[in-house]
Amino acid sequence: QVQLVESGGGLVQAGGSLRLSCAASGRTFSNWHMGWFRQAPGKEREFVAVIDWSGLSTYYTDSVKGRFTISRDNAKDTVSLRMNSLKPEDTAVYYCAAAANYHYYRDYERYDYWGQGTQVTVSS
C-alpha cells in the first residue's frame, strides 16, 4: 500500500503561481513513477505530468508545457508540481498518483494509488 496526501492548493489570480506537494508513505517511494492528474467539474480526469522513479524522465500534457514543472525528492518521499502563469482553465482538483508501469503514464487507469486531491482555483 502507498498512501498519498496532496497539499498546496488554493485560490490564485490568473498569472499567479502555486506549488503542489504530495507526501507518500508506505511502500518504497523510489519504486514508483509519480503522476499528477486534474479533474474539472463535468470533465474527465486529465493527465498533467509524470516523473519516473529516478527523476530523470518527465512528460507533460501540451497545455502546461513551459508553465508547470514536476519534481521529486526520493529522500523525503515527496513529489511536487510547480505551476506558474496559471490560467482560469487550470482550475480543477489536482491528484497525485503512483504507478508501477511508466509506459502508460497518460492513462489514469494504469495508476495504482491515488491521493484525495487538492483544489486549485484560478480567477480571471
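One can find the structure itself at the top, above this paragraph.
Here goes a summary of the coordinates provided. Just so we're clear, the structure is a prediction, and the values are computed from it rather than from any experiment.

## A short note on the overall build of the chain
No. 1: Counting its secondary structure elements, the chain contains 0 helices and 11 strands.
No. 2: Ordered by position from N to C terminus, the α and β elements of the chain give β-β-β-β-β-β-β-β-β-β-β.
No. 3: C-alpha extents for the chain along the principal axes are approximately 40 × 25 × 25 Å.
No. 4: Evaluated residue by residue, the chain yields a buried proportion of 44% over its 124 residues.
No. 5: Relative to all contacts within the chain whose residues are 6 or more apart in sequence, the contacts with residues 24 or more apart total 59%.
No. 6: When the 13 positive and 12 negative side-chain charges of the chain are each reduced to one mean point, those points stand 4 Å apart.

## Details of the sheet that holds strand S7 (residues 68–73)
No. 1: Pairing in this open sheet of 4 strands is antiparallel, and the strands run S1-S3-S8-S7 from one edge to the other. Whereas interior strands pair on both sides, the edge strands pair on one side only; in this sheet they are strand S1 (2–7) and S7. Taking the axes of each pair of neighbouring strands and ignoring which way they run, one obtains an average angle of 15° across the sheet.
No. 2: In terms of strand pairing, S7 meets strand S8 (residues 78–83) through 6 bridges, oriented antiparallel. Bridge assignment links Thr 69 to a residue of S8, and that residue is Arg 82.

## Some points on the environment of Glu 46
No. 1: Here Glu 46 shows up in strand S5 (residues 46–51).
No. 2: When the C-alpha atoms of Glu 46 and Ala 97 are compared, they prove to be 12 Å apart, with 51 residues separating the residues in sequence.
No. 3: The residues contacting Glu 46, other than those within four sequence positions of it, are Trp 36, Phe 37, Arg 38, Thr 61 and Ser 63.

## Here we look at the nonpolar core
No. 1: With 30 residues, the main nonpolar core has Leu 4, Met 34, Trp 36, Leu 81, Met 83 and Tyr 94 as its most contacted residues.
No. 2: Listing elements by their share of this core, those giving two or more residues are S1, strand S3 (18–26), strand S4 (33–39), S5, S7, S8, strand S9 (92–99) and strand S11 (118–123).
No. 3: If you look at the next biggest cluster of nonpolar residues, it comprises 8 residues, including Phe 37, Val 50, Ala 99 and Tyr 111.

## Examining the packing of aromatic side chains
Remark: the centre distance and the inter-plane angle together describe each pair of aromatic rings, the angle taken between the planes.
No. 1: Applying the stated criterion across every chain yields a total of 10 aromatic pairs.
No. 2: Plain terms: the ring middles of Tyr 102 and Tyr 105 are 5.9 Å apart, the flat faces sit at 35° to each other, and that makes the pair tilted. Summarising the burial analysis for this pair, Tyr 102 and Tyr 105 share the class buried.
No. 3: The rings of Phe 37, Phe 47, Tyr 59, Tyr 95, Tyr 102, Tyr 105, Tyr 111 and Trp 114 are connected pair by pair, giving a single aromatic cluster.
No. 4: The ring of Tyr 104 has Arg 110 sitting right over it, with the charged end atom 3.8 Å from the ring centre.

## Section: the pattern of salt bridges
No. 1: Summed over all chains, the structure comprises 4 salt bridges.
No. 2: Note that Arg 67 and Asp 90 form a salt bridge whose closest N and O atoms lie 2.8 Å from each other. Separated by 23 residues along the polypeptide, Arg 67 in the loop between strand S6 (58–60) and S7 and Asp 90 in the loop between S8 and S9 bring together distant segments of the chain. Here the two residues Arg 67 and Asp 90 agree in accessibility, since each one is buried.
No. 3: It is possible to trace a salt-bridge network through shared partners that takes in Arg 38, Glu 46, Arg 67 and Asp 90.

Conventions adopted
- Residues numbered from 1 in each chain as written.
- Predicted model: local features only at pLDDT ≥ 70, side-chain atom pairs only at ≥ 80, totals over all residues.
- Heavy atoms only, no water.
- Helix = DSSP H or I, 4+ residues; strand = E, 2+ residues; numbered from the N terminus.
- Buried < 20%, exposed > 50% of the residue type's maximum accessible area, 1.4 Å probe, protein only.
- Contact = heavy atoms within 4.5 Å.
- Lys, Arg positive; Asp, Glu negative; His and termini not counted.
- Charge placed at Lys NZ, Arg CZ, Asp CG, Glu CD.
- Pairing = 2+ DSSP bridges.
- Axes fitted to C-alpha atoms, helices over the stretch in contact; angles between N-to-C directions.
- Core = buried A, V, L, I, M, F, W, Y, C linked by side-chain atoms within 4.5 Å.
- Phe/Tyr/Trp six-rings, centres within 6.5 Å; stacked < 30°, edge-to-face > 60°.
- Lys NZ or Arg CZ within 6 Å of the ring centre and 35° of its normal.
- Salt bridge = Lys/Arg side-chain N within 4 Å of Asp/Glu carboxyl O.

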